Amino acid sequence: MDADLTHLRELREVLWNGIRDVDGIMLNGSADGFPGILTVSVADIEGESLLLDLEPVCVATGSACNSKSQEPSYVLRAIGRTDLEAQSAIRFSVGRPTTRAEVELAATKYRGAVARLRAMAPGRAA
Amino acid sequence: MSSEPYNPAVRELFSAPAHVGAVDDGESSLVVDQGVRLQLSARFSGGSIVEMRFKAWGCPHLIAAAEWLCGYLEGRPIGALEDFPHAPIMENLAIPMEKTGRILVLEDAVRSLGQKFGDGS
């Protein structure tokens with residue numbers, strides 16, 4: 001079990017380090033939380049479009065407890081996220097079979113998706 | 001019943017839009033409503049829409065619809081701005097009923113653009 005947790009922590013760190021410098025990104029929850037999950041929000045990105053643009057990376061929106069609801073996560077709102085920030089939240093989950101290459105791909109896809117959607121939005125330079 | 005929320009047309013238009021941007025020397029309209037933001041801009045010449053671009057903050061259906069619409073209107077007479085292709089958009093993109101409001105935002109932006117041209121003519 002210790003080996004599994006170490007594996008998860010390493011993957012989570014690779015993922016977070018790969019996206020932490022995205023402008024406006026926010027880590028939801030503690031950096032010392034369960035190592036198999038990383039939930040982030042980013043300012044001014046529409047969540048449904050972000051989800052589609054991340055394919056084929058399988059992620060979820062919002063917090064786990066709100067995964068079947070279209071409403072902004074009450075958990076994320078409780079920790080101070082605005083409705084807009086909550087709806088852009090993406091939950092990455094890693095597990096025993098997850099590889100470093102997959103995590104690196106996820107980080108690359110996330111950065112690309114955020115950049116593309118921001119360039120597409122009114123008020124941002126193309 | 002399929003659980004796939006996006007048909008192939010939406011996926012294609014969303015992933016590879018050719019009309020994102022703004023026309024520098026044309027008219028533009030911006031609509032903020034229904035939880036989305038949509039900017040349309042167009043350049044007119046010789047009674048036709050020669051260039052049309054969009055910028056959108058919203059769901060994939062809105063982005064796909066805006067892309068589809070720009071491709072549809074480019075090359076058409078300016079009068080086409082008054083005849084919003086609601087049915088083709090809804091059908092071709094299989095827009096779910098709960099997102100009808102986003103398409104209405106697109107229609108508002110088109111009509112606003114048409115009114116601006118009319119004001120400048």
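The model shown is predicted, which means the values in this text are computed figures rather than measured ones.

Formed by 67 residues in total, the largest nonpolar core has its most connected members in I19, F92 and Y110 of chain A together with L40 and I89 of chain B. Ranked by residues supplied to this core, first place goes to helix α2 (residues 60-73) of chain B with nine residues.

Residue-level contacts link 20 residues of chain B with 19 residues of chain A. Regarding the contact of chain B and chain A, the summed buried area is about 1,500 Å², with carbon and sulfur atoms giving 57% of it. Along the contact surface separating chain B from chain A lie three salt bridges. Linking D44 of chain A and R37 of chain B is a salt bridge whose minimum nitrogen-to-oxygen distance equals 3.3 Å. The interface formed by chain B and chain A contains nine residue pairs in polar contact (both at pLDDT 80 or more). Across the side of chain B that touches chain A, the residue classes break down as 12 nonpolar, four polar and four charged.

A word on the confidence of the model for chain A. When pLDDT is averaged along chain A, the result is 85; 89% of the residues meet or exceed 70. Of all secondary-structure elements in chain A, the lowest mean pLDDT belongs to helix α3 (residues 74-78) of chain A, at 75, while helix α5 (residues 100-120) of chain A reaches the highest, 96.

Moving on: the sheet that holds strand β3 (residues 48-57) of chain B. Residues and elements named next belong to chain B. Strand order in the open sheet formed by three strands is β1-β2-β3, and the pairing between neighbours is antiparallel. The sheet terminates laterally at β1 (27-33) and β3, the two strands that pair on one side only. Pairs of neighbouring strands in the sheet enclose a mean axial angle of 15°, with direction left out of account. Sheet topology places strand β2 (residues 36-45) next to β3; nine bridges connect them, and they run antiparallel. Note on β3: the bridge partner recorded for F44 is I49. In the packing of α2 onto the sheet, contacts are made with β2 and β3, and the angle to β3 comes to roughly 175°.

What follows covers helix α1 (residues 2-19) of chain A. Residues and elements named next belong to chain A. Between its first and last C-alpha, α1 extends 26 Å over 18 residues, near the 26 Å set by a 1.5 Å rise per residue. Of all the positions in α1, only L8, L11, R12, V14, L15, W16, G18 and I19 are classed as buried. Residues of α1 that are buried make contact with β1 (25-28), β2 (37-42), β4 (90-93) and α5.

This part takes up the pattern of salt bridges. Overall, the coordinates contain 13 salt bridges over all chains when judged by the stated rule. Between E48 of chain A and K99 of chain B there is a salt bridge, with the nearest N and O atoms lying 2.7 Å from each other. Here K99 of chain B lies in the loop between α3 (86-92) and α4 (100-120) and E48 of chain A lies in helix α2 (residues 47-53), a pairing that spans two chains. Taking the relative accessible area as the measure of exposure, K99 of chain B reaches 8% and is therefore buried. Among the ionic pairs, R53 of chain B bridges to E51 of chain B, the shortest N-O distance being 3.6 Å. Linked by salt bridges that have partners in common, D25, R43, E51, R53 and E74 of chain B make up one network.

So, about the sheet that holds β2 of chain A. Residue and element names in this part refer to chain A. Pairing within the open sheet is antiparallel, and its four strands lie in the order β1-β2-β4-β3. Looking at strand neighbours, the two that pair on one side only are β1 and β3 (60-61), the edges of this open sheet. Where β2 lies against β4, four bridges are found, and the strand directions are antiparallel. Counterpart to T39 in the pairing with β4 is R91. Packing against the sheet, α5 makes contact with β1, β2 and β4, and its axis sits at approximately 15° to β2.

Before going further, it helps to examine the side chain of S49 of chain A. Checked against the element boundaries, S49 of chain A lands in helix α2. Given a relative accessible area of 0%, S49 of chain A falls into the buried group.

The rules behind each value
Residues numbered from 1 in each chain as written. Chains lettered and ligands numbered in written order. Predicted model: local features only at pLDDT ≥ 70, side-chain atom pairs only at ≥ 80, totals over all residues. Heavy atoms only, no water. Core = buried A, V, L, I, M, F, W, Y, C linked by side-chain atoms within 4.5 Å. Buried < 20%, exposed > 50% of the residue type's maximum accessible area, 1.4 Å probe, protein only. Helix = DSSP H or I, 4+ residues; strand = E, 2+ residues; numbered from the N terminus. Contact = heavy atoms within 4.5 Å. Buried area = accessible area lost by both parts, 1.4 Å probe. Salt bridge = Lys/Arg side-chain N within 4 Å of Asp/Glu carboxyl O. Polar contact = N/O pair within 3.5 Å; in protein donor to acceptor, adjacent residues only side chain to side chain. Nonpolar A, V, L, I, M, F, W, Y, C, P; charged D, E, K, R; others polar. pLDDT = per-residue confidence, 0-100. Pairing = 2+ DSSP bridges. Axes fitted to C-alpha atoms, helices over the stretch in contact; angles between N-to-C directions. Expected span 1.5 Å × (residues − 1).

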